Amino acid sequence: MILLLKDALLDFQRNRVRTFLTALGILIGVMSVVLLIALGLGLKNYISDQFAKMGANLVMVLPGNVFKKGQNATSFGVGFSGGAKFDEKDYQALQKIKLADYVVPVYFKSIAIEAQREKYFGYVQGVNEQAFPLLNLTPIIGRVFTKADVATKSKIVVLGYTLAENLFNQEPKNALNRQVIINSQRFKVSGVLEKKGDREMDSAAIMPYTTAFNRINPNKDFFSIYLGVNNKDQVEQLKREVTAVLLKRYEEDDFSVTEQTEILSSVNQIFDIINSILIAIASISLLVGGIGIMNIMFATVTERTKEIGIRRSLGATKKDVLIQFLSEAVILSAGGGIIGLVLASLIVFGIRTFFPAAINLLSVAAALGVSSGIGIIFGVFPARRAANLTPLEAIRYE
Amino acid sequence: MAPIIELKHVCKTYYLGAEAVPAVCGINLKLEAKEYLSILGSSGSGKSTLMYLIGLMETPSEGEILLNNQDVSRLSDAALSHLRNRFIGFVFQQFNLINKLTVWENILLPVKFFRGKLNFDPVKRAETLLKKFSIYERRNFFPNKISGGQQQRTAIARAMIMHPKIILADEPTGNLDSKTGRDILDLIEDLNRSAGVTIVMVTHEQDVAKRARTRIYLKDGRMVKKYL
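Figured I'd write up the structure that's included with this text. (Residues numbered from 1 in each chain as written. Chains lettered and ligands numbered in written order. Predicted model: local features only at pLDDT ≥ 70, side-chain atom pairs only at ≥ 80, totals over all residues.)

### Here we look at the sheet that holds strand 8 (residues 198–203) of chain B
In a beta sheet, neighbouring strands pair by backbone hydrogen bonds and run either parallel or antiparallel. Residue and element names in this part refer to chain B. Spatially, the 6 strands line up as an open sheet ordered 6-7-8-3-9-10, and their pairing is mixed. The two strands at the open ends of the sheet, each matched to only one other strand, are strand 6 (88–91) and strand 10 (222–227). Taken over all neighbouring pairs, the strand axes of this sheet differ in orientation by 20 degrees on average, direction set aside. In the sheet, strand 3 (residues 36–41) pairs with strand 9 (residues 214–219) via 5 bridges, with the strands oriented parallel. Within the sheet, the bridge partner assigned to Leu37 lies in strand 9 and is Thr214. Against the sheet, helix 1 (residues 47–54) contacts strand 3, strand 7 (166–170), strand 8 and strand 9, and its axis sits at roughly 155 degrees relative to strand 8. Packing of helix 6 (residues 178–194) onto the sheet brings it into contact with strand 3, strand 7 and strand 8, and relative to strand 7 it is tilted by some 160 degrees. (Pairing = 2+ DSSP bridges. Helix = DSSP H or I, 4+ residues; strand = E, 2+ residues; numbered from the N terminus. Axes fitted to C-alpha atoms, helices over the stretch in contact; angles between N-to-C directions. Contact = placed C-beta atoms within 7 Å.)

Here you go:
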């Protein structure tokens, strides 16, 4: 077997360009599949992290029916786009639930934020003072706003770390007590939050929801209402009570009351589906690569018919010839697979600084397994043709 | 003495579509140890087919081929390959060396196909043959970098590596100048005399054939004359 491998490698060495081009198909196929798995996995991990950072025991009221019975997770996006628009009446009604330790109305808008001639596209979040303890948001400098600030519609904002960094020359702490302009209105920075690793939160300008009512949110509606309990065991009870309150005003399908874990599993399902489709598309290049290998192996068999005859005259069996050609196809394919895997790993390593992509054991096993499998599947026909040549017709071939 | 190889009423017929083309027919032949036989005949007379039948590269359509009194004409591919590897060495007109392998690797190639434990050291055997055939200095050369005579010596060394009982040579001097051709024939004769290897040589040259102790003449696939 080692001698056969040596033979195969020797042959590749003599036909470097052809070997490289043949393996290239598999290389690109494996690289794209591994990269897609890595990116998909990274995205899932990223989203899981974001949810984990939001704090435990969080119940979210969202518009539309996110988890409509009998539908799968793909209805998730539809749920967000339709359904109820919450307002202060809902907020006040939910505040009456005694079980809830926190009730936070959430207004959310993507917007340009300016300061010191710098402009940054971030998010305005209109919330109340309870958002900070509920979402584990703590300032590195200054203070977060208070109930009084909400009541008096103070024109202050608390900046996320990245936003402050971008607006104030990479020095987030310099933002304290400075002014930012949002929607042509000036706001004083009362504090800067520590870095959360959550893009939306780190790029947010958080202000009292009452302040946002003036010009930024003239419709006075909320995208969501967050509720929280200190005791985790009470989450289910809280969900039931919230649902009961909202049903007085809305239809069942107009809103969803959900925990972050439910959303997370839904998001994961969506990503699994998207990933599967992308991997299936990338697998087509593997198939094309396999056909390329088969094509070259058929050409090689024709080119080396005489050699096959010589080997057969010296005592090589059909099986020896079969193994020789099959091992060449597998080495070619698996070699391409390994290089594809290494390149994908390098790319993943490179992008990890800004995106949490991850290569797991499954990707490695799949890359090596699939590429070797392709070598076997597409190598077996040419190898059989080589093995089935009679020694005499092979040696007489010119 | 029992023959090493015996052909009994052997025929080989090829088919071109539905048409049957007999290559050789009615061949009866006994080859004893240390024999030196040449097969003469014009082009298309069936002499090469006969050689390949003796060399177990072809199976007969009719008749039997006995090797050491065992019928080998219906053996499996693996068994025939093993017998070729162990008992038979081929020398071709075109040398048939593998160009991507060095002289040394070409000579040792049959060892790769042997299943089991060899009762000799192939490396020492290769060295001995290379020295005997005066190509030791060329052992790391590729075939296309050495002369025709050296290539044929390499091919003979390869045929001899497994200590075969029979060497089958198909026009071994056909691609060589007359002096080199004579040297190669001397070398083959020496193997027959000193190593006791049975030689079967296919040729269409009377001069070459006359050097053999026994000659057979083929015409249209039939043995028409036998000279002793």
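### Section: the interface of chain A and chain B
Taken residue by residue, the interface counts 16 residues in chain A and 18 residues in chain B. When contributions to the side of chain A that touches chain B are tallied by element, the ones reaching two or more residues are helix 1 (2–14), helix 12 (305–313), helix 13 (318–351) and helix 15 (391–395) of chain A. The element contributing the most residues to the side of chain A that touches chain B is helix 1 of chain A, with 4 residues. For the side of chain A that touches chain B, the residue count by class is 7 nonpolar, 3 polar and 6 charged. (Nonpolar A, V, L, I, M, F, W, Y, C, P; charged D, E, K, R; others polar.)

### What about helix 14 (residues 361–388) of chain A?
Over its 28 residues, helix 14 of chain A extends 39 Å from the first C-alpha to the last, a length consistent with the 40 Å expected when each residue adds 1.5 Å. If you look at helix 14 of chain A, its biggest bend is around 40 degrees, right at Val380(A), and the proline Pro382(A) turns up within four residues after that. (Expected span 1.5 Å × (residues − 1). Bend = angle between axes of the 7 residues up to and from the residue.)

### Points about the sheet that holds strand 2 (residues 19–31) of chain B
All names here are of chain B. On the basis of which strands lie adjacent, the open sheet formed by 4 strands has the order 2-1-4-5 and antiparallel pairing. Among the strands making up the open sheet, the edge pair consists of strand 2 and strand 5 (70–71). Looking at chain direction, strand 1 (residues 5–16) and strand 2 are connected through 9 bridges and run antiparallel. Note on strand 2: the bridge partner recorded for Lys12 is Val24. Those strands touched by helix 1 are strand 1, strand 2 and strand 4 (62–67), and its axis lies near 125 degrees from that of strand 1.

### Here's the deal with unusual backbone geometry
All names here are of chain A. Despite not being glycine, Lys153 shows a phi value in the positive range, around 55 degrees. Within the element layout of this structure, Lys153 appears in the loop between helix 6 (147–151) and strand 6 (156–159). The exposure class assigned to Lys153 is partly exposed, which follows from the 15 C-beta atoms found within 10 Å. Notably, Asn177 is not glycine yet its phi reads approximately 65 degrees, a positive angle. With respect to the helices and strands, the residue Asn177 is situated in the loop between helix 7 (161–167) and strand 7 (179–182). (Buried ≥ 20, exposed ≤ 12 C-beta atoms within 10 Å, placed from the backbone.)

### A short note on the packing of helix 3 (residues 103–112) of chain B against helix 5 (residues 148–160) of chain B
Residue and element names in this part refer to chain B. Packing of helix 3 against helix 5 leaves a shortest axis separation of 7 Å and a crossing angle of 30 degrees. As the angle between them shows, helix 3 and helix 5 are arranged roughly parallel. When you trace helix 3 past helix 5, the crossing you get is right-handed. Across the interface between the two elements, Val103, Asn106, Ile107, Leu109 and Pro110 of helix 3 pack against Thr154, Ala157 and Arg158 of helix 5. Among the residues making up the contact of helix 3 with helix 5, the classes are represented as 5 nonpolar, 2 polar and 1 charged. (Parallel < 35°, antiparallel > 145°, perpendicular 65-115°, else oblique. Left-handed = near helix turned anticlockwise from the far one by under 90°.)

### A closer look at helix 6 of chain B
Residue and element names in this part refer to chain B. Compared with an ideal rise of 1.5 Å per residue, which puts 17 residues at 24 Å, helix 6 spans 24 Å between its outermost C-alpha atoms and is within 8% of the ideal. Listing the buried residues of helix 6 in full gives Gly181, Ile184, Leu185, Ile188 and Leu191. Looking straight down helix 6, one finds its buried side chains confined to an arc of 115 degrees; they lie on one side. Exposed residues pointing more than 90 degrees away from the buried face of helix 6 are listed as Lys179, Asp186, Asp190, Arg193 and Ser194. Where the residues of helix 6 are buried, they touch helix 5, strand 7, strand 8 and helix 7 (206–210). Backbone geometry just after helix 6 places Gly196 at a positive phi near 70 degrees. (Arc of directions from axis to C-beta.)

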